[in-house]
Amino acid sequence: MSTLMFVQLLLLGSRVPASTPEAWRQCSDLPALDLLSFVLERDPSKLVPGARMKQDGGVRGVHFSSPDACPSFASSAVLVNCDLFPKEFSIVLTLKARGIKKSQYVFSLMEPKNAEKRTREKIEWSNSDGERLQGSKEKSITIEDHQRGKKGVKVNKDGGQIILGLKLLKKRLHFLFKAHGDVVDQWVFRGMRLADNQWHTLVLAASHHHVRLTVDCNPPLEIAPSRPFPSDLSIRGSRFHIGSRGKWRGMFSGLLRQLVLVPGLDATNQICPSSDPQLAALSVPPLLLDLQIIKREETEERVSVGLERSCSKQLQGQLWFNPLKKGLYLCDGQVWITVIQDHKRLDYVLEHQVLTTSSETHDVEVFQVPGMGLMAAMAHRSTTSGSAVYLWTHTGFQLYQNFTTYGALAWRHFTMGNKEFLVVSNSEGGPNDLFSKESEADFSVIYKWSKRKKKFAEVQTLQTYCARDWEAFNINGHDYLAVANHRKGSNNHAINSVIYVWNQLTKSFEVHQTLPTLGAYDWEFFTVGPYHFLVVANAFDGVTTSVDSVIYVWINGSFQVFQTIKTFCATDWEMFQIGRRVFLVVANGHRLYANGSSQYTINSTIYELDISGQMFVRFQDIVTYSAVDWEFFSLGEEHFLVVANSFNGESYSLNSVLYRWQGYEGFVPVHWLPTIGCSDWEFFSDKGKSYLIYSSAKAPLSKVFLLKTY
């Protein structure tokens, strides 16, 4: 056999195509995935077809009456930017079942329909004493058989379409998964009395060396598999089916209240111990949250509970409780009057748009142009394709205008009077008639919006040095621009950054003040009472990333040093207020050691302004991974920070994290968002909906996330 033919056969028989290994990514470092909510809440005002909500024992669950396409979805919708199922994971579920005579699927992950293959099944199980057994389903296997090494296989009649699934029998629980050689392995837990018409919460945790099942927070049963769960289990093109395997046969007949996939983590400690172990909750869909029925003492009439109700004269005086809005309303004979209503709260984050860009993007700036609506300026890395402005439509951002840029690093939108402007930072020179290698300078450009042409047009160029950021602000009626010059040439980071002021006579920006900076990365302007502040993120002095970043205060027409703070490759400052409290958060990029090594997993820090001490003091440290941006926003009365984690020392594909303000506890993580080389976050709202967009410095894409609230 020729060498070429041998290699071709080897590739065809391999589990993951060896020709493009970089294209296959493990699903790791993902947040807990509420699979049941994803099915039920495409439209949160109603259940999907084929699903019915029931209340049993005062507890709500979902009963599936049809295995149609509605209770299913593509795995790529939740396992984003990856192709291989997590090699370590937990599954948390709460269910109620009875009268099970044949096997029923709680959920399954199925191959595409055209992927028909012959598979074999190998079974491993644990009895109630935790002993691990193996065998086939063709005959009864005893412990003695196992000790003699007897194993059985059989042909799977379903054509090998299942990738993994959870199957329930009267006294057994099976976890099935596709192993090497198209063999379907099964981990079987025996002696399980789950079909007893009682609610039960189960946690199935799988790691490299063992599998553990915890029922109602009781001591777990364990299996030590002869072969670990495969680390190369492809999920490309697959679909999750909830309550079935996509067929009538084997459909789950009980009630399902909770179904959560937790990649890379044993979730047992997150829900156990519990005061109510049979209903221990990690993530229950809001539609299934239990409601106490309120009664009127005089008439014993129940309050109307539901998602939609009409108000008429016959219902005058009637109360209605909306479980989604968590609001109580009174009918006055014509309309519902709000008695109590909860504020808007963040529920979950949903991918809304994947925007393909012409190249990698260092920065995104979202802004409003009167008469046009929302726009986003993106600083694309490529000099060939340049940068662009995108217009927000009902389907997402669409390309609107291209710009010639030279290694663009940042955009800033600002207004002066009723005029709209954009300024871009170029880092690779500029037009040939301006750029000279001897000067080692770049030329950044200011654009003005033309109402007649509905385009941005160039109005001024400014000499900069690898400018990383622009900041626009107004003090006492005068307009200013601050540029963060990062370095001159390839090594000189100790250079001046510049404050420009708008000259009304020349209709241009002129130098107002220069400030010494060290590898400046970002400016942040803010005002506290009558005082104006400007803080610079200093990143590198040519030797170390451990340098002082500086807060300046405006005194007598110029900025003076107010305070210095030790930072580590500071890349961003974000100022925000919660009530009367004033905060600054810094994004620390990495710590560079004397031997040349770098530490990318370091603390970024939140500082709070101490009014009496007249200085910012450390409030909270948050572990970040080469952080390059913070974005603060509020939803209702809740406050959030999202960090752009860009690199952990090994990979650019990692989670950026959304934190929620918890008062005394500070900010706590609530959502983990998969990103690739994340370079910037921007929050924006449109027509009552809220969104986040991130740009990638390592892939030609940006993503828009919809913030679902309740």
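Rules used in this analysis
- Residues numbered from 1 in each chain as written.
- Predicted model: local features only at pLDDT ≥ 70, side-chain atom pairs only at ≥ 80, totals over all residues.
- Heavy atoms only, no water.
- Pairing = 2+ DSSP bridges.
- Helix = DSSP H or I, 4+ residues; strand = E, 2+ residues; numbered from the N terminus.
- Axes fitted to C-alpha atoms, helices over the stretch in contact; angles between N-to-C directions.
- Phe/Tyr/Trp six-rings, centres within 6.5 Å; stacked < 30°, edge-to-face > 60°.
- Buried < 20%, exposed > 50% of the residue type's maximum accessible area, 1.4 Å probe, protein only.
- Lys NZ or Arg CZ within 6 Å of the ring centre and 35° of its normal.
- Core = buried A, V, L, I, M, F, W, Y, C linked by side-chain atoms within 4.5 Å.
- Contact = heavy atoms within 4.5 Å.

Caption draft 1: Main features of the sheet that holds strand β50 (residues 701-709). Within the open sheet, the 4 strands sit side by side as β21-β50-β49-β48. Their pairing is antiparallel. Unpaired on one side and paired on the other, β21 (346-356) and β48 (678-686) mark the two borders of the sheet. Across the sheet, the mean angle from the axis of one strand to that of its neighbour is 25 degrees, orientation sign disregarded. Pairing of strand β49 (residues 689-696) with β50 involves 6 bridges; the strand directions are antiparallel.

Caption draft 2: Structural context of the packing of aromatic side chains. This model, assessed by the stated rule, comprises 53 aromatic pairs. Between Trp187 and Phe229 the ring centres are 6.0 Å apart and the planes differ by 55 degrees, which places this aromatic pair in the tilted class. With Trp187 in strand β11 (residues 183-190) and Phe229 in the loop between β14 (221-223) and β15 (239-242), the pair connects residues that are 42 residues apart, well separated along the chain. The exposure class assigned to Trp187 is buried, which follows from its relative accessible area of 1%. Residue classification places Phe229 among the buried residues on the basis of a relative accessible area of 4%. When the ring of Phe473 is compared with that of Tyr480, the centres are 5.5 Å apart and the planes differ by 15 degrees; the resulting orientation is stacked. Since its relative accessible area comes to 6%, Phe473 is described here as buried. Clustering of aromatic rings is evident, with ring pairs tying together Phe85, Phe89, Phe175, Phe177, Trp187 and Phe229. The ring of Tyr400 carries Lys455 above its face, with NZ or CZ at 4.7 Å from the centroid. Taking the ring centre of Tyr652 as reference, the NZ or CZ of Lys698 above it sits at 4.6 Å.

Caption draft 3: Representation of the nonpolar core in the model. Core analysis: the largest hydrophobic core is formed by 55 residues, its most contacted members being Leu79, Phe85, Phe175 and Ile242. At 5 residues, strand β5 (residues 89-98) tops the list of elements feeding residues into this core. Setting aside anything within four residues of it in sequence, one finds Leu79 in contact with Cys27, Leu30, Leu33, Phe85, Ile235, Phe240 and Leu261. Counting 21 residues, the second largest nonpolar core, distinct from the first, contains Tyr521, Val528, Val535 and Ile565.

Caption draft 4: Summary view of the sheet that holds strand β42 (residues 601-610). One open sheet holds the 4 strands; their spatial order is β38-β39-β42-β43, and the pairing between them is antiparallel. The open sheet terminates on both sides in strands that have one partner only, identified here as β38 (570-578) and β43 (615-625). Sheet twist, expressed as the mean angle between neighbouring strand axes with direction ignored, is 20 degrees. The sheet contact formed by β42 and β43 spans 10 bridges and is antiparallel.

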